[in-house]
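Fold and geometry: a report
Each chain, written out:
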Amino acid sequence: GLGEHRAKAERMFSLMDGFLKNDPISLQKDILHHVEYTVARSRFSFDDFEAYQALAHTVRDRLIERWHDTHIYFKRTKPKRLYFLSLEFLMGRSLSNSVINLGIEDQCAEALNQLGFEFEVVAEQEGDAALGNGGLARLSACQMDSLATLDYPAWGYGLRYEYGLFRQIIVDGFQHEKPDYWLNFGNPWEIERIHVTYEVKFYGTVEEVEMNGEKQKVWIPGETVEAVAYDNPIPGYGTRNTINLRLWAAKPSSKFDLEAYNTGDYINSVVNRQNAETISNVLYPDDRSHQGKELRLEQQYFFVSASLQDIMRRFKEEHTNFDELPEKVALHLNDTHPSLSIAEVMRMLVDEEHLGWHKAWDIVCKIFSFTTHTMVTDGEKIPVELLENLLPRHLEILYEINFNFLEEMKKRIGLDYSRLALLSIVEEGAMKSIRMANLAIVCSHTVNGVSKLHLEKLKTKTFKDFYGLYPEKFQCKTNGVSQRRWIVVSNPGLRDLISKWLGTEAWIRDADLLSGLRDHLDNADFHLEWKMVKKVNKMRLAEYIEAMSGVKVSLDAMFDVQVKRIHEYKRQLLNIFGIIHRYNCLKNMDKDSRRKVVPRVCIIGGKAAPGYEIAKKIIKLCHAVAEKINNDTDIGDLLKVVFIPDYNVSVAELVIPGADLSQHLSTAGNEASGTGNMKFLMNGCLLLATADGSTVEIIEEIGEDNLFVFGAKVHEVEKRRQKRLSNLAPLQPAKVPLHFARVLRMVRDGYFGHNDYFKSLCETVEFGFGNDYYLLTSDFGSYLEAQAAADKAFVNQDKWTRMSILSVAGSGRFSSDRTIQDYAESTWKISPCRCPL
Ligand code: GL7
């Protein structure tokens, strides 16, 4: 009975000695316990890495307590839940983030100290979880942090890739890719749930059967793979809530190829079985095009199928009627990658739960929302040929969705076949394929852009036709980043300074409070402390640079940083050309003029997709230029160029706080949002940027005077491209600025060596060849002016510090807490559900 149950529970709780305690002595006991019994090292002798492992397990125990309580509480209160579906999460390290969110950082530091260790050193032992490519993936991670902190009943779903994003090794200035087998040393932040498994089916045929006198389609799959859940607790800050990020790993199914066993081909059947694991093995390293690869499609469906089985099981435990689904479940598509979910939910409702098609469709249209993260018109497509083979039933469902949709459209817009062809989910032509974005838009109740500018482009260009049909679906949710990760974890000096001058730590949960820093804008003591924090961060960065590249840099120099994936549209080449120009200017100066020059350290970092040749050449050029300039003793500290290898989340945590200036150079209209800009802003680093993506809103927030804006605006870009093309007419002289022509000629003619290798790179911007699609030629002059303005501002340290303070003070709007609250209220319609203490 109930009484018996309660007595048992109470006895167990008393055996457990209540909840784990967080005073330094209790923490030390737990650390030593884990050294001895989890890591299996002697508690009398263990090193920094073993201390990390033991502390991580000590923290994990505390996460698990809260995570259990949160789930029990959600189960009891049955709120509407959000399921955030994303193929990428770039979590980085977890230790510092966890102890900060749990509120036990001082206690942990003291506990380690008394055991003879230092928290910072121990935390450095952790490797990055790099299950994603770039901004999109790190955004998912920041959003999970906000969902937990704001007490939303949310789950994240993703894939547990065994190999994360490749590690970048630089040999002779060339990028090489090394596999990132990140699980080598174990991962204390995940919990393997051997009992949470689902079968995921592939291939096979579709057959028609009679059921209750009606014809019904059934899928007879050909292969089965098992999905195993790995749970990653995500603690909120200033709350007990700890939510779950559930990642799936592929395992051979116990049912796999029984046939082969029975027919005696034992060895081959075991080898085949093992092939199942390849599905979740490796993350695709191209950060925005995933076109037509079978393994990629397998990954997507594997992820979608396992997640939806899990979600539906949870729903059915609590509810019996699928009409309740839209009140209890919100499914969010993070970009088009998980869009197969739409067909899968239809299949589950129609084929398995036997709901009528129209009823099922009605439900499906109420549960999905979608965020697109790209400015590119030509989005993700799946070749019909691949689907036909791998997921035959899903293809039929997609055709039926499309048929019904086009019928409805014919009624609305008439038989305008060219318009219908643009709207169609199925693209006809040489390679018939499914347009994932069209599918997601048709079925989602909300389509979100990631900045105002991005939404504008979606409405007027990319999805113009859809906007005309469903204007109410299109919404703007400007991205944000978590101030917990990007100030509290990565810049403890700034955190203390902000809290001291605001007189509170409340800004860690409410970033709008950062605006209070404006009250001290002219306070000399505040300025002094502000500059001191930056100096200490620059020292940290300078040490790292010397260790990585052997280059010694001066702390008096302006640290100028561009770190992000290497892409032509992000224009790292413009930066390098600017550096060459600066070098030329210095060479031509007399001693007197040189004395007035602001010394610069130009720092560039980022990975190129392995198959992206031009991006790889940009990396090599950066090294070639660095070699020339850094070895020119005549130039000395006036100019240094550094490439930081293997840029990732933990490198970002070190680099961003130490930057004075950061560059965001995308040709206007190409960067959907950008989130690096926000991280630099929060760290008091001034931006030198085009009016692109979310930078437009940063300008709006802090004012044009507090950053260095340059280049063609979005509306000018089209005109300039036209002009560039008309310049191609024979006999018309190209109008290339002199400085630009000179720099280009130096690279082309081998001033930095390797002229053959750089030839095709030069041609991308050279008149008459690649036609300079990203407009480096025409933006160069304005770029140099912005650089000159930055130099001038840096000389006036008072002015610079004011601009820096105003940057941080204006960064509150760019917290992911703001983004997530907006999503929760206007898109997902979920409410906070706070687990009691
Ligand atoms: C991106 C956009 O390019 C980037 O501008 C945006 O900030 C980010 C998050 O919304 O999403 N889209 C994309 O495919 N990647 C991005 O970083 C890889």
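If you're wondering where the values come from, they're calculated on a predicted model, not measured in any experiment.

Here we take up the overall build of the protein chain. Counting its regular elements, the protein chain contains 34 helices and 24 strands. For the protein chain, the C-alpha radius of gyration of 28 Å lies close to 28 Å, the compact-globule estimate for 837 residues. Referenced to the eigenvectors of the C-alpha coordinate spread, the extents of the protein chain come out at roughly 95 × 75 × 60 Å. Across the 837 residues in the protein chain, those meeting the buried criterion constitute 48%. Look at the contacts in the protein chain between residues 6 or more apart in sequence, and 76% of them connect residues 24 or more apart.

A separate point is the sheet that holds strand E15 (residues 426-427). Here three strands make up an open sheet; going across it, the order is E14-E16-E15 and the pairing antiparallel. Every interior strand has two partners, whereas the edge strands, strand E14 (381-383) and E15, have only one. Two strands pair when backbone bridges link them, and E14 and strand E16 (residues 433-435) are joined in this way by three bridges, in the antiparallel orientation. Counted as the bridge partner of proline 383 is serine 433 from E16.

General note: in soluble globular proteins, nonpolar side chains tend to be found buried as a group. Judged by nonpolar contacts, the single largest core of 218 residues is most densely connected at Leu55, Tyr83, Phe302, Met346 and Val625. Setting aside residues no more than four positions away along its own chain, valine 625 makes contact with Ile576, Ile579, Ile580, Val641 and Phe752.

If you walk across this open sheet you meet the six strands as E21-E20-E19-E22-E23-E24, and the pairing is parallel. The strands lining the two open edges of the sheet, one partner per strand, are strand E21 (639-644) and strand E24 (708-710). Taken over all neighbouring pairs, the strand axes of this sheet differ in orientation by 20° on average, direction set aside. Pairing analysis gives four bridges linking strand E22 (residues 661-664) to strand E23 (residues 686-690), with the strands arranged parallel. Looking across to E23, one finds that histidine 664 is bridged to alanine 689.

With that settled, consider the domain arrangement of the protein chain. Taken domain by domain, the protein chain comprises domain 1 (19-77 + 101-120), domain 2 (78-93 + 128-478 + 822-828) and domain 3 (504-810). Across the contact, 35 residues belong to domain 2 and 31 residues belong to domain 3. Along the lines of polarity and charge, the residues of the side of domain 2 that touches domain 3 split into twelve nonpolar, 14 polar and nine charged.

Let us look at the site of the ligand. Inspection of the region around the ligand gives 17 residues, with Gly135, Leu136, His373, Ala672 and Ser673 positioned closest. Taken together, the residues of the shell around the ligand sort by class into four nonpolar, ten polar and three charged.

For the rest of this paragraph, the subject is helix H7 (residues 135-149). Between its first and last C-alpha atoms H7 spans 21 Å; for 15 residues at 1.5 Å apiece the expected length is 21 Å, and the two agree. Burial analysis of H7 places 15 of its 15 residues in the buried class, the great majority of the element. Phi turns positive one or two residues past the end of H7, at aspartate 151, with a value near 65°.

Moving on: the pairing of strand E17 (residues 446-449). Burial along E17 is two-sided: Thr446 and Asn448 and Val447 and Gly449, pointing in opposite directions, are all buried. Summarising the sheet, strand E13 (residues 368-371) and E17 pair through three bridges and their orientation is parallel. The residue bridging serine 369 from the neighbouring strand is threonine 446, located in E17. In the sheet, E17 pairs with strand E18 (residues 474-476) via three bridges, with the strands oriented parallel. Bridge pairing links glycine 449 to cysteine 476 in E18.

What follows is about the environment of tyrosine 73. When you line up the elements, tyrosine 73 lands in helix H3 (residues 48-77). Judged by the 17 C-beta atoms lying within 10 Å of it, tyrosine 73 falls in the partly exposed class. Separated by 760 residues in the primary sequence, tyrosine 73 and cysteine 833 have C-alpha atoms spaced 8.4 Å apart.

So, about the confidence of the model for the protein chain. Looking at the protein chain as a whole, its pLDDT mean stands at 95, while 97% of the residues score no less than 70. Listed scores for the predicted complex are pTM 0.97 and ipTM 0.99.

Let us now look at unusual backbone geometry. Look at histidine 354: it is not a glycine, yet its phi comes out positive at around 60°. When you line up the elements, histidine 354 lands in the loop between helix H12 (340-352) and helix H13 (357-367). On the basis of neighbour counts, which here come to 12 C-beta atoms within 10 Å, the residue histidine 354 falls in the exposed class. The phi dihedral of histidine 754 is positive, around 55°, even though this residue is not glycine. As for its position among the elements, histidine 754 is in the loop between helix H30 (738-748) and helix H31 (755-763).

Moving on to helix H17 (residues 436-443). Burial analysis of H17 places eight of its eight residues in the buried class, which makes it a mostly covered element. Along H17, the positions that sit buried rather than exposed are Met436, Ala437, Asn438, Leu439, Ala440, Ile441, Val442 and Cys443.

Its location among the elements puts glutamine 821 in helix H34 (residues 816-828). Residue glutamine 821 is classed as partly exposed on the basis of its C-beta count, with 16 C-beta atoms lying within 10 Å. In sequence terms glutamine 821 and serine 146 are 675 residues apart; their C-alpha atoms lie 8.6 Å from each other.

For the pair helix H23 (residues 572-587) and helix H32 (residues 776-795), interaxial distance at closest approach is 10 Å and the crossing angle is 60°. Between H23 and H32, the angle falls in the class oblique. For H23 against H32, the interelement crossing comes out right-handed. Residues Leu573, Leu574, Phe577, Gly578 and His581 of H23 touch H32, and the partners they reach there are Leu776, Asp779, Phe780, Tyr783, Leu784 and Gln787. Here the contact of H23 with H32 is composed, by residue class, of seven nonpolar, three polar and one charged.

On to the pairing of E23. Remember that side chains alternate between the two faces of the sheet whenever the strand is regular. For E23, the buried fraction is high: five of the five residues fall into the buried class. Side-chain alternation along E23 places Leu686, Leu688 and Thr690 on one buried face and Leu687 and Ala689 on a second face that is also buried. Running through helix H27 (residues 676-682), the crossover from E22 to the neighbouring parallel element E23 is right-handed. Bridge count between E23 and E24: three bridges; the pairing is parallel. Pairing of threonine 690 across the sheet is with phenylalanine 710, part of E24. Each parallel crossover has a hand, and for E23 linked through helix H28 (residues 695-702) to E24 it is right-handed.

Rules and cut-offs
- Residues numbered from 1 in each chain as written.
- Predicted model: local features only at pLDDT ≥ 70, side-chain atom pairs only at ≥ 80, totals over all residues.
- Helix = DSSP H or I, 4+ residues; strand = E, 2+ residues; numbered from the N terminus.
- Rg over C-alpha atoms; globule rule 2.2 N^0.38 Å.
- Buried ≥ 20, exposed ≤ 12 C-beta atoms within 10 Å, placed from the backbone.
- Contact = placed C-beta atoms within 7 Å.
- Pairing = 2+ DSSP bridges.
- Core = buried A, V, L, I, M, F, W, Y, C linked by C-beta atoms within 7 Å.
- Axes fitted to C-alpha atoms, helices over the stretch in contact; angles between N-to-C directions.
- Domains from an automatic or database assignment.
- Nonpolar A, V, L, I, M, F, W, Y, C, P; charged D, E, K, R; others polar.
- Near = placed C-beta within 6 Å.
- Expected span 1.5 Å × (residues − 1).
- pLDDT = per-residue confidence, 0-100.
- Parallel < 35°, antiparallel > 145°, perpendicular 65-115°, else oblique.
- Left-handed = near helix turned anticlockwise from the far one by under 90°.
- Right-handed = clockwise from strand over helix to strand, strands pointing away.

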